[in-house]
Amino acid sequence: MIELAPSILSADFARLGEQVRAACEGGAHVIHVDIMDGHFVPNLTIGPPVVKSLRKATDLPLDCHLMIENPDEYIPAFAEVGVNWMSVHQEACRHLNRTLNLIKSHNCRAGVVINPATPVDTLSEVLDIVDYVLVMSVNPGFGAQKFIPSTLHKMRSLATIRGQRGLAYRIEVDGGVSLETVEDVVRAGAEILVAGNAVFGSGNPKNNAEALLKAATEAALLKV
Ligand code: DX5
Ligand code: ZN
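Per chain, residues are indexed from 1 in the order of the written sequence. Each chain takes a letter, starting from A, and each ligand takes a number, starting from 1, following the order in which they are written. Selection of residues for local features in this predicted model requires a pLDDT of at least 70, selection of side-chain atom pairs for listing and counting requires 80 or more, and totals for whole chains, interfaces and linings are taken over all residues. Here the side-chain values reflect all heavy atoms present in the structure, with hydrogen atoms and water set aside.

Q: I tried to follow the nonpolar core on my own but got confused; where do I start?
A: Here is a general trend for soluble globular proteins: nonpolar side chains tend to be buried in one another's company. Take the buried residues of types Ala, Val, Leu, Ile, Met, Phe, Trp, Tyr and Cys, join any two whose side-chain atoms come within 4.5 Å, and each joined set is a nonpolar core. Relative accessibility under 20% of the residue-type maximum defines a buried residue, over 50% an exposed one, and the middle range a partly exposed one, all with a 1.4 Å probe and only protein chains included. In this structure, Val33, Met86 and Leu193 are the most contacted members of the largest nonpolar core, which totals 65 residues. The leading source of residues in this core is helix H8 (residues 205-223), at five residues. Residues count as neighbours in contact if any of their non-hydrogen atoms are within 4.5 Å of one another. Not counting chain neighbours up to four residues away, the residues in contact with Met86 comprise Cys64, Leu66, Ile75, Phe78, Ala79, Ile103, Cys108, Arg109, Ala110, Gly111 and Tyr132. By size, the runner-up hydrophobic cluster in this structure holds six residues, among which are Ala5, Val30, Tyr132 and Val194. In DSSP terms, a helix is any run of H or I states spanning at least four residues, a strand is any run of E spanning at least two, and both are numbered starting from the N terminus.

So, in structure tokens, the structure goes:
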């Protein structure tokens, strides 16, 4: 099943609750929350206090994408404010197995993320413990960037490996997902689609989410 995860990075932060509710009415399944620390990525966003308020504004699961150094220091705080899924970058974790288990110990779904330049091979030893793998299709740090097509093969490869090894992780894609690229990512195997600019960039988030989900669902039907 295809799931849409609108990223609030492109939302109006002064009207966050309202914007998230609109995306929810458009069929969003989960809300993607980008956490940036100005070190791992060259941008800053929000921390646990804002996520705590967001938690009160929606019943949808919160998918927290941690683009931060030393994620172990902050995982308990994000779990405490009600995050349901948490993902960490392979590139940011010296002890990736430990960090993923820390997320799971807080009863959150654990995800691992790879940047466009990081190969799938680097995940071989953790694929059996993650709930999802997030393939970055832009270099993380900013919304509204151009989709990098050379990342598609990593989604295909993750789908193949999952079958070969009898694993159950889900495949998420993040960056440049729009009406133009959605068919390609779904056909490559992505099942959870993060979209910031395409949902909140312009127009009505409800209509934008609906249109994106419709295009994704049609592409998934073609795939079978
Ligand atoms: C980028 C973030 C993304 C971002 C995607 O570093 O991880 O979640 O919001 O934005 P779009 O969909 O606009 O490319
Ligand atoms: Zn993200």
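Q: Whenever I open this one, the coordination of the zinc ion (ligand 2) confuses me. Can you help?
A: Around a metal, the idealised angle for a tetrahedral arrangement of four donor atoms is 109.5 degrees; for an octahedral arrangement of six donor atoms it is 90 or 180 degrees. Here the coordinating atoms are restricted to nitrogen, oxygen and sulfur within 2.8 Å of the metal centre, or 3.2 Å for Na, K and Ca, and because water is not among them the sites may look incomplete. Around the zinc ion (ligand 2), the protein supplies His32 (NE2), Asp34 (OD), His65 (ND1) and Asp174 (OD) as donor atoms, at distances of 2.0 to 2.3 Å. We note that the donor set of the zinc ion (ligand 2) lies within a single chain, spaced as H-x1-D-x30-H-x108-D. On the criterion of sequence distance, the pair formed by Asp34 in strand E2 (residues 31-36) and Asp174 in strand E7 (residues 170-174) is long-range, its members being 140 residues apart. By relative accessible area, which is 9% here, Asp174 ends up buried.

Q: Teacher, can you tell me more about the pattern of salt bridges here?
A: Think of it this way: side chains of opposite charge can pair up when their charged atoms draw near. Salt bridge, as applied in this entry: a Lys or Arg side-chain nitrogen positioned within 4 Å of an Asp or Glu carboxyl oxygen. This structure, assessed with the given rule, holds seven salt bridges. One salt bridge in this structure joins Arg15 and Asp12, with 3.0 Å as the shortest N-O distance. When the shortest N-O distance is used, the salt bridge between Glu183 and Arg187 registers 3.5 Å. Of this pair, Glu183 and Arg187 both sit in helix H6 (residues 182-188), four residues apart, which is roughly one turn of the helix.

Q: What's the story with H8 in this structure? I'm lost.
A: To estimate the expected span of a helix, count its residues, drop one, and scale the result by 1.5 Å. For H8, with 19 residues, the first-to-last C-alpha span of 27 Å sits near the 27 Å given by 1.5 Å per residue. By the burial criterion, the buried members of H8 are Pro205, Asn208, Ala209, Leu212, Leu213, Ala216 and Ala219. Down the axis of H8, the sector holding all buried residues measures 125°, keeping them to one side. Facing away from the buried side of H8 by more than 90 degrees, the exposed set consists of Lys214, Leu221 and Leu222. Elements that come into contact with the buried residues of H8 comprise strand E1 (3-6), helix H1 (16-25), H6, strand E8 (192-195) and helix H7 (197-200). Throughout this description, a polar contact denotes any pair of N or O atoms lying within 3.5 Å of each other; where both atoms belong to protein, one of them has to be capable of donating a hydrogen while the other can accept it, and for residues adjacent in sequence the pair is counted only when both atoms sit in side chains. Where H8 starts, the residue carrying a side-chain oxygen 2.7 Å from the main-chain nitrogen of Lys206 turns out to be Asn204. Picture the helix axis, draw a direction to every C-beta atom, and the arc is the one those directions span.

Q: I'm lost on the pairing of E2 in this one. Help?
A: Of all six residues that make up E2, six are buried, and the element is covered over most of its length. Residues of E2 alternate between two faces, with Ile31, Val33 and Ile35 on one and His32, Asp34 and Met36 on the opposite face, all of them buried. Two strands qualify as a pair provided DSSP detects at least 2 bridges between them. The pairing of E2 with strand E3 (residues 62-67) spans six bridges and is parallel. Looking across to E3, one finds that Val33 is bridged to Cys64. Chirality of the crossover, the property in question, places the unit of E2, helix H2 (residues 48-57) and E3 among those that are right-handed. If you view a crossover with the strands going away from you and the path from the first strand over the helix to the second runs clockwise, you call it right-handed.

Q: Explain unusual backbone geometry to me, please; I cannot follow it from the model alone.
A: The general pattern is negative phi for most residues beyond glycine and trans for most peptide bonds. One non-glycine residue with positive phi stands out, namely Asn70, at about 50°. Secondary-structure assignment places Asn70 in the loop between E3 and helix H3 (75-80). Looking at Asn70, the relative accessible area reads 47%, which means it is partly exposed. The phi dihedral of Asn107 is positive, around 60°, even though this residue is not glycine. Among the secondary structure elements, Asn107 is positioned in the loop between helix H4 (96-105) and strand E5 (109-114). Since its relative accessible area comes to 74%, Asn107 is described here as exposed.

Q: Mind showing me how you'd approach the layout of surface pockets here?
A: One way to see where empty space is left: roll a probe the size of a water molecule over the atoms. Of the grid points, spaced at 1 Å and generated over the protein atoms alone, those admitting a 1.4 Å probe that cannot get out make up cavities, while open sets with protein on both sides within 12 Å along at least five of seven lines make up pockets; any residue with an atom within 4 Å of a point is treated as lining. Grid points are joined across faces, edges and corners, and a volume is the space filled by probe spheres set on the points. Here the largest pocket is characterised by a volume of approximately 290 Å³. If you go around the largest pocket, you meet 25 residues; those closest to its centre are Gly143, Ala144, Gly175, Gly176 and Gly196. Only E2, E3, E8 and H7 provide two or more residues apiece to the lining of the largest pocket. The volume enclosed by the second largest pocket comes to roughly 170 Å³. If you go around the second largest pocket, the residues you meet are Asn70, Pro71, Asp72, Ala92, Cys93, Arg94, His95, Arg98 and Thr99. Residue classes in the lining of the second largest pocket are distributed as three nonpolar, three polar and three charged. Polarity classes work like this: nonpolar for Ala, Val, Leu, Ile, Met, Phe, Trp, Tyr, Cys and Pro, charged for Asp, Glu, Lys and Arg, and polar for all others, with Gly in that last group.

Functional significance is not addressed by these values, which are geometric in nature.
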